[in-house]
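The lines below spell out each chain.
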Amino acid sequence: MPINYISQINLKKFRGKTCLLRVDLNVTPPVEKEVFRIEAIVPTVKFLLKNRIKVVLLGHNGRPVSGDKVYSLKPFAPILSGLIGVPVDFISHFDFLSIRQEIRFSSKKVFLLENLRYEKGETENSDAFARKLAGLGDFFVNDAFAVSHRKNASVAAITKHLPFYAGLLFEKEIKNLDFFLKKPKKPFMVIIGGAKISDKLGVLKFLWRRAGKFLLAGGPANTFFAAKGLPVGESIFEKNMVKNIKPFLNSVKIVLPVDSVVSRKKILDIGPKTAEQFAKIISKAKTIVWNGPPGLFEEKEFAHGTEAIWTAVLKNRRARIVVGGGDTTASLKILNTKDQIPKNVFLSTGGGAMLEYLSGKKLPGIEALK
Ligand code: ADP
Ligand code: MG
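Numbers given to residues run from 1 along each chain, matching the order in which its sequence is written. The lettering of chains begins at A and the numbering of ligands begins at 1, in the order of writing. Given that the model is predicted, a residue must reach a pLDDT of at least 70 before its local features are reported, and side-chain atom pairs must reach 80 or more before they are shown or counted; all residues, however, enter totals for whole chains, interfaces and linings. Excluding hydrogens and water, the side-chain figures rest on all heavy atoms present in the structure.

*Asks:* Talk me through the nonpolar core; I want residue IDs and the actual numbers.
*Replies:* Put simply, buried Ala, Val, Leu, Ile, Met, Phe, Trp, Tyr and Cys residues joined by side-chain atoms within 4.5 Å make one nonpolar core. Only protein chains enter the accessibility calculation, which uses a 1.4 Å probe; a residue is then buried when its area is under 20% of its type maximum, exposed when over 50%, and partly exposed in between. In terms of nonpolar packing, the biggest core is built from 69 residues, with Leu113, Leu204, Phe214, Leu216, Phe224 and Ile254 touching the most fellow members. Counting residues per element, this core draws most heavily on helix α6 (residues 168-182), which supplies six residues. Residue contacts are counted whenever heavy atoms from the two residues lie within 4.5 Å of one another. Other than its neighbours up to four places away in sequence, Leu204 contacts Ile192, Phe214, Leu216, Phe248 and Ile254. With 30 residues, the next largest nonpolar core counts Ile41, Phe76, Leu112 and Phe139 among its residues. The helix count covers DSSP runs of H or I at least four residues long, the strand count covers runs of E at least two residues long, and both are numbered beginning at the N terminus.

Structure follows, in structure tokens:
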């Protein structure tokens, strides 16, 4: 069954009504670091406001235990207000009766509910909690693609209680990512770096027959080195994944670094020869999927590989490119560029959900919209 997209309906029927809009606010402070993920919410909010619909924003942050105030969504209210251009009324409690009154009688148009994970019903996908949330509005829109791999009340159970739709960002994510699964042009290259091969093996497996080359770096490359019996010192790698990667180990599709930057007995970045070789391969690609920075880019000394890959990726204007993963998209800041991202490059806000989607999995938050 297809997904219900909000872009495809006539919103007139909801004029004067209230929309529950699930958004992704799971950004680690400082928010500026990943502000593109918050900005990405704005088009759907404006779209609803333009149609004279009140918007109640639903979101979560971190993994709080009840009442853990560091995870409060309160600081997001002024940020969202600035981005949307209208005041955002923060609601700090879960007394649903009085929330309903507040929304009904307020002259404000946009509300932000406190961190849903303060209520245990959220992660338990509780139907009772979903019903309480549903009681706050007339229809539900999910724009939190990044949370769609979680079977939580505000993305899954809630659609049993209200008319439901996918938002504009959600649609953009699905349509862009589908391209890479359905009609990638060759040569198709996949770049996998970052910390753990266990997070990325699903993507490698699912894209294995579709893509021609897999450029590995970071923890994933180290695990391949270890599987080949090469020394990795104290570098990050996953011993228990060695057996899982055996089928891919000697394939010509796997491209491992030929040199590394080593410090503190650890491989912390790809070396200059590898950066050059990877850049050359990237320049020839027509389709690229990139997840995982190739080095410990947070430290300047080990950011050269990540910078080289960004430069190569942004230079290839002929390829359709997706860059995803929380740290990978955040690493763009090392370029210090204020330039627009070229149109052929899609920065996914999806994080872990993107990895699961590109692994061919069914995600509960997507299934709930069908
Ligand atoms: P994403 O969030 O984009 O999916 P990951 O979470 O898998 O990416 O990995 C990102 C982290 O991996 C970054 O913090 C980066 O510093 C780290 N990293 C990459 N390569 C190395 C390396 N060789 N040694 C240590 N850490 C690394
Ligand atoms: Mg990460």
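*Asks:* So what about the packing of aromatic side chains? Which residues, and what values?
*Replies:* Aromatic rings in a pair are described by how distant their centres are and how their planes are angled relative to each other. Two rings from Phe, Tyr or Trp (for Trp, the six-membered ring) form a pair when their centres sit within 6.5 Å of each other. Planes less than 30 degrees apart are called stacked, planes more than 60 degrees apart edge-to-face, and all others tilted. Taken as a whole, this structure holds twelve aromatic pairs when the rule is applied. Judged by centre distance (5.2 Å) and plane angle (85 degrees), the rings of Phe179 and Phe180 are edge-to-face. By the burial criterion, Phe179 is buried, and Phe180 matches it. The rule is short: NZ of Lys or CZ of Arg within 6 Å of the ring centre and within 35 degrees of the ring normal puts a charge over the ring. Here Lys253 stacks its cationic end above the ring of Trp208, 5.4 Å away from the centre of that ring. Lying over the aromatic face of Phe179, Arg320 brings its terminal NZ or CZ to 3.8 Å of the ring centre.

*Asks:* Give me the lowdown on the sheet that holds strand β7 (residues 188-192), citing residues and values where you can.
*Replies:* Here the rule is simple: two strands pair whenever DSSP picks up at least two bridges between them. What the six strands build is an open sheet, ordered β9-β8-β7-β12-β13-β14; its pairing is parallel. If you trace the sheet from one side to the other, it starts and ends with β9 (254-255) and β14 (345-347), each paired once. Orientation is described by lines fitted to C-alpha atoms, with helices fitted over the stretch in contact, and by angles between N-to-C directions that extend from 0 to 180 degrees. Seen against the sheet, helix α7 (residues 197-207) touches β7, β8 (213-216), β9 and β12 (287-291) and runs at an angle of roughly 165 degrees to β7.

*Asks:* For the pattern of salt bridges, give the residues involved together with the corresponding values.
*Replies:* When charged atoms on two side chains of opposite charge get close, those side chains can pair. The term salt bridge refers to a side-chain nitrogen of Lys or Arg lying within 4 Å of a carboxyl oxygen of Asp or Glu. Under the definition given, this model contains eleven salt bridges. Residues Arg22 and Glu122 are paired through a salt bridge, measuring 3.3 Å at the closest nitrogen-oxygen approach. Here Glu122 lies in the loop between β4 (110-113) and α5 (127-134) and Arg22 lies in strand β1 (residues 18-22), a separation of 100 residues in the sequence. For the pair Arg22 and Glu122, a shared accessibility class is recorded, and that class is buried. With a shortest N-O distance of 3.2 Å, Glu367 and Lys370 are connected by a salt bridge. When its relative accessible area of 31% is taken as the criterion, Glu367 is described as partly exposed.

*Asks:* Tell me about the side chain of His149, and name the residues and values.
*Replies:* You can see His149 is positioned in the loop between β5 (139-142) and β6 (164-166). Polar contacts involving the side chain of His149 include one to the main-chain carbonyl oxygen of Ala146, which spans 3.4 Å. Pairing of N or O atoms within 3.5 Å defines a polar contact, subject to two protein rules: one partner must be a possible hydrogen donor and the other a possible acceptor, and residues neighboring in sequence count only if both atoms are side-chain atoms. A distance of 3.5 Å separates polar atoms of two side chains, one belonging to His149 and the other to Arg150.

*Asks:* A description of the site of ligand 1 should follow, citing residues and the corresponding values.
*Replies:* Proximity criterion: a residue is near a molecule or strand once any of its heavy atoms comes within 4 Å of it. Taken together, 18 residues lie near ligand 1, and Lys200, Ile267, Glu298, Asp327 and Thr328 sit nearest. Measuring from an oxygen atom of ligand 1, one finds a backbone N or O atom of Gly326 at 3.4 Å. Within the side chain of Thr328, one N or O atom sits 2.4 Å away from an oxygen atom of ligand 1. Methods summary: accessible areas were calculated by the Shrake-Rupley approach with a probe of 1.4 Å, and residue burial reflects only the protein chains presented. If ligand 1 stood free it would expose 580 Å²; the protein chains cover 85% of that surface. Where the shell around ligand 1 is concerned, the elements lending two or more residues are β11 (266-270) and α12 (326-330). Here the element with the most residues in the shell around ligand 1 is α12; it accounts for three residues. Residue type decides the class: Asp, Glu, Lys and Arg count as charged, Ala, Val, Leu, Ile, Met, Phe, Trp, Tyr, Cys and Pro as nonpolar, and the leftover types, Gly among them, as polar. Class assignment of the residues belonging to the shell around ligand 1 gives a composition of eight nonpolar, seven polar and three charged.

*Asks:* Please set out the packing of helix α10 (residues 272-284) against helix α11 (residues 304-315) residue by residue, giving values where relevant.
*Replies:* At a minimum axis separation of 9 Å, α10 and α11 run at an interaxial angle of 20 degrees. In terms of their interaxial angle, α10 and α11 are classed as roughly parallel. Where α10 crosses over α11, the two elements pack in a sense that is right-handed. Contact residues: α10 offers Ala275, Phe278, Ala279 and Ile282, while α11 offers Ala308, Ile309, Ala312 and Val313. For the contact of α10 with α11, a count of residues per class yields eight nonpolar, no polar and no charged. The cut-offs work like this: below 35 degrees is roughly parallel, past 145 is roughly antiparallel, 65 to 115 is roughly perpendicular, and the gaps in between are oblique. Crossing handedness is read from the near helix: turned anticlockwise from the far helix by less than a right angle, it gives a left-handed crossing, and turned clockwise, a right-handed one.

*Asks:* Describe the sheet that holds strand β3 (residues 88-91), and please don't skip the residues or the numbers.
*Replies:* Strand order across the open sheet formed by six strands is β3-β4-β2-β1-β5-β6, with parallel pairing between neighbours. Lying at the two open borders of the sheet, with one neighbouring strand each, are β3 and β6. Each strand axis lies, on average, 25 degrees off the axis of its neighbour in the sheet, ignoring direction. With three bridges connecting them, β5 and β6 associate as parallel partners.

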